[in-house]
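Residue-level listing of the chains:
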Amino acid sequence: MSLLNLQSLNDLPAGVRRPRHDRAALRGGIVHLGLGAFARAHLALYTEAALATGDARWGIVGVSLRASRQSTLLSAQDGLFSVTERHADTARTRVVGALLEALYAPAALERVLGAIADPGVAIVTSTVTEKGYSQHPAGGELDLDDPDIRHDLARPDAPRSTLGVLAAGIRRRPANAPLTVVCCDNMAANGDTLRRLLAQYARQLDAGLAARIEHDIGFPNTMVDRIVPAATPASLDEAQARLGGVRDEGAIVCEPFTQWVIEDRFTGPRPAWELGGALFTADVRPYQAMKLRLLNGTHSAIAYLGQLRGLQTVADAMADPLLGAFARALMTQDLLATVAVPPGYDARAYCVELLHRFENPALGHRTQQIAMDGTQKVPVRWLPPLRESLAAGIERPFLERALAAWLHYLAAGRDDAGAEVVISDPGAAPLAQRLREARGEHDAVAAALGLASVFGREPWPEVFAQRVAAHLALLRRGGTAALLAPTSRR
Ligand code: CS2
């Protein structure tokens, strides 16, 4: 069995598309932080399209900040990996060659900082997940108590956090070399947020550096979208079969859909990502809110309710009569009503497409994967639409039930059948503790809503707490079947 690399590229079956650029001519013009599956199935493909025109400036220097696994396996494959796009029974596989290097920051810090400082690099991109930016989820400020931030402020030349690495690289960069930092994580105003956090971090060290971040570097907001499940032994085997027996340890199997909307606010040159379908626009906020609420908001509800119902994948959850109907209503009634639709957009058609994507039986997108890091995701996906609705005196029956389900999932730690659920959320402990220590449902909900680091400082209306408590009581007594039963909805 051979491993995917520059040599075995020639052995692949004819139907597998290969890189169309001259790999030897490629230069590293992009540094990417966070080498997970999403960036490889998204950023790398848009960049691949730009490289195919012969513009060799935009090879990607990939950086893993947390774990060495991806950089080790991708380095062994000359940076090559395959992407198989699947919906139901149709599939298409290609090999991507935009990744020039895959560095593990703790082991190659000088090389990483040198790359960010290199004037030949004009773009830094990031996909480090919501929790990778060291921000207080509800307040939005830099979390100065984050152990990595404390470490980096004490040793700014040996950083390990996203912000610390970025700041140290920028500090070494010639002042006249233009740079744009493109955040590609699912946060509202992600570019503005990253700029604010990075400037806050830099201000602790060097006022000049902070000013440079605030004034000289571009931080466009972006909306990224593609459903990319984590690899499994089965998905790696499937890719191997499609690659004619060549093994790709970095193989990705994802959906065919992809979208990238980017604010046209670049300082200096950029790849022609529009050739891969990226949309450049003056204002990305309506796209962002629409996607975060309708897609990610519904996803999170499917994740917690799916976990509680013992449904392992999003497609299974959509096929479940109670949860499928609930997810549709949550998206098309509650969440859609809170969204300001971008000009010219057919939001109903967007919802129909989203639901079709969720139903894709080929993905095996795990509810447990989406359920991770709820204390980072819920404040972005559910709390703004809830706040806005409550301020207008509007009840959102489905969204409020989803919130009760999340609290129940955290407090009970068990599904409807009594089996333990795996909770992976470093920020969840204080919330779970409050929920468990409270006496009745009302006190539990009130205590949870009072946790400012998740639910914000502004108090929540009492009627809302009462409604969520009633949903929680229903869940505790009758499980998700009681909560989701059509008779329990208005
Ligand atoms: C998901 C997202 O895991 C999650 O939280 O909601 O990763 C989602 O699949 C992507 O944002 C789709 O673009």
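What counts, and at which threshold
Residues numbered from 1 in each chain as written. Predicted model: local features only at pLDDT ≥ 70, side-chain atom pairs only at ≥ 80, totals over all residues. Heavy atoms only, no water. Phe/Tyr/Trp six-rings, centres within 6.5 Å; stacked < 30°, edge-to-face > 60°. Buried < 20%, exposed > 50% of the residue type's maximum accessible area, 1.4 Å probe, protein only. Helix = DSSP H or I, 4+ residues; strand = E, 2+ residues; numbered from the N terminus. Domains from an automatic or database assignment. Contact = heavy atoms within 4.5 Å. Buried area = accessible area lost by both parts, 1.4 Å probe. Salt bridge = Lys/Arg side-chain N within 4 Å of Asp/Glu carboxyl O. Polar contact = N/O pair within 3.5 Å; in protein donor to acceptor, adjacent residues only side chain to side chain. Nonpolar A, V, L, I, M, F, W, Y, C, P; charged D, E, K, R; others polar. Pairing = 2+ DSSP bridges. Axes fitted to C-alpha atoms, helices over the stretch in contact; angles between N-to-C directions. Disulfide = S-S within 2.5 Å. Near = heavy atom within 4 Å. Areas by Shrake-Rupley, 256 points an atom, 1.4 Å probe, with all protein chains shown as cover. 1 Å grid on protein atoms, 1.4 Å probe; cavity = no way out; pocket = protein on both sides within 12 Å on 5 of 7 lines; lining within 4 Å. Points joined across faces, edges and corners; volume = space filled by probe spheres on them.

S.K.: Where do I start with the packing of aromatic side chains in this structure?
M.R.: Aromatic ring pairs are defined here through the distance separating the ring centres and the angle between the ring planes. Within this structure, the stated rule accounts for 13 aromatic pairs. An angle of 65° between the planes, with centres 6.2 Å apart, marks the rings of F266 and W273 as edge-to-face. The pair formed by F266 and W273 is uniform in burial state, with each residue classed as buried. Ring centres 6.2 Å apart and planes at 45° place the aromatic pair Y304 and W406 in the tilted group. In this pair, Y304 sits in helix α10 (residues 285-308) while W406 sits in helix α17 (residues 397-412), placing the two residues 102 residues apart along the sequence.

S.K.: Would you mind going over the domain arrangement of the protein chain with me for this structure?
M.R.: Buried accessible area, meaning the area lost when the parts come together, often serves as the stated size of an interface. For the protein chain, the domain assignment lists domain 1 (7-281) and domain 2 (285-488). Facing 32 residues of domain 1, the contacting portion of domain 2 comprises 33 residues. For the domain 1 and domain 2 pair, buried surface summed over both sides reaches about 2,600 Å², with 58% attributable to carbon and sulfur atoms. For the pair domain 1 and domain 2, the number of links is four salt bridges. Of the charged contacts, one joins K131 and D373 as a salt bridge, the two residues approaching to 2.7 Å between their closest N and O atoms. Taken together, domain 1 and domain 2 are joined by 15 residue pairs in polar contact (both at pLDDT 80 or more). Of all the secondary structure elements, the ones that give two or more residues to the side of domain 1 that touches domain 2 are β3 (81-87), β8 (222-225), β9 (252-254), β10 (259-263) and β11 (279-281). With four residues, β8 is the single largest residue contributor to the side of domain 1 that touches domain 2. Of the residues that constitute the side of domain 1 that touches domain 2, the class distribution is 18 nonpolar, eight polar and six charged.

S.K.: So what exactly am I meant to see when it comes to the sheet that holds β10 here?
M.R.: Sheet strands pair by backbone hydrogen bonding; their relative direction is either parallel or antiparallel. With mixed pairing, the three strands of this open sheet are ordered in space as β8-β10-β11. Each edge of the open sheet carries a strand with a single partner, namely β8 and β11. Each neighbouring strand pair of the sheet contributes to a mean axis angle of 15°, computed without reference to strand direction. Summarising the sheet, β8 and β10 pair through four bridges and their orientation is antiparallel. Note that in β10 the partner of D225 across the bridge is Q259.

S.K.: Just checking my understanding: could you explain the state of the cysteines for this structure?
M.R.: Where two cysteines share a covalent bond between their sulfur atoms, that bond is called a disulfide. In total, this model carries zero disulfides according to the counting rule given. No disulfide involves C184; its sulfur sits 6.6 Å from that of C183, the nearest cysteine. Taking relative accessible area as the criterion, C184 reaches 3% and is therefore assigned buried.

S.K.: When you look at the site of the ligand in this model, what are you seeing that I'm missing?
M.R.: In the vicinity of the ligand, the contacting residues are N186, D225, R226, I227, K291, L295, N296, H299, H365, I370, K377 and R381. Residue D225 places a side-chain N or O atom 2.5 Å away from an oxygen atom belonging to the ligand. At 3.0 Å, a side-chain N or O of N296 approaches an oxygen atom of the ligand. Protein chains shield 89% of the accessible area of the ligand, which is 340 Å² for the free molecule. Among the secondary structure elements, those contributing two or more residues to the shell around the ligand are α10 and α15 (374-381). Per-element accounting of the shell around the ligand gives the leading share, four residues, to α10. For the shell around the ligand, the class distribution of residues is three nonpolar, four polar and five charged.

S.K.: So what exactly am I meant to see when it comes to the side chain of R467 here?
M.R.: Mapped onto the elements, R467 comes out in helix α21 (residues 462-484). On the basis of relative accessible area, R467 is assigned to the buried category, the value being 18%.

S.K.: Explain the environment of D316 here, please?
M.R.: Relative to the helices and strands, D316 resides in helix α11 (residues 314-319). The sequence separation of D316 and D78 amounts to 238 residues, and the corresponding C-alpha distance is 37 Å.

S.K.: For this particular structure, what's the right way to read unusual backbone geometry?
M.R.: Excluding glycine, residues mostly carry a negative phi; peptide bonds, for their part, are mostly trans. Of note, the phi angle at A88 is positive, near 45°, even though the residue is not glycine. Phi at S134 takes a positive value of approximately 55°, unusual for a residue other than glycine. Mapped onto the elements of the fold, S134 is located in the loop between β6 (123-126) and α5 (147-154). Given the relative accessible area of 5%, S134 is considered buried.

S.K.: Sorry, what's going on with helix α6 (residues 162-172) here?
M.R.: Three or four residues apart is the spacing at which side chains of an α-helix point the same way, because the helix has 3.6 residues per turn. The buried count for α6 comes to nine of eleven residues, which makes it a mostly enclosed element. For α6, the full list of buried residues reads T162, L163, G164, V165, L166, A167, A168, G169 and I170.

S.K.: Looking at this structure, I do not really get empty space enclosed by the protein. What am I missing?
M.R.: If you roll a probe as big as a water molecule over the atoms, it shows you where there is empty space left. Across all of its chains, the model carries four cavities of 30 Å³ or more by this definition. A volume near 60 Å³ is recorded for the largest cavity. Considering the residues around the largest cavity, the lining is formed by I227, H299, V314, A315, R357, F358, N360, L363, G364 and H365. Only α11 and α13 (347-358) provide two or more residues apiece to the lining of the largest cavity. Classifying every residue of the lining of the largest cavity by side-chain character gives five nonpolar, four polar and one charged.

S.K.: What exactly am I supposed to notice about the pattern of salt bridges here?
M.R.: Two side chains that carry opposite charge are able to pair once their charged atoms sit near each other. All chains considered together, the criterion is met by 28 salt bridges. Ionic pairing is found between D283 and R285, a salt bridge with its closest N-O pair at 3.1 Å. The exposure class of D283 is partly exposed, given its relative accessible area of 30%. On the basis of relative accessible area, R285 is assigned to the exposed category, the value being 51%. Note that E420 is salt-bridged to R414, the shortest N-O span being 3.9 Å.

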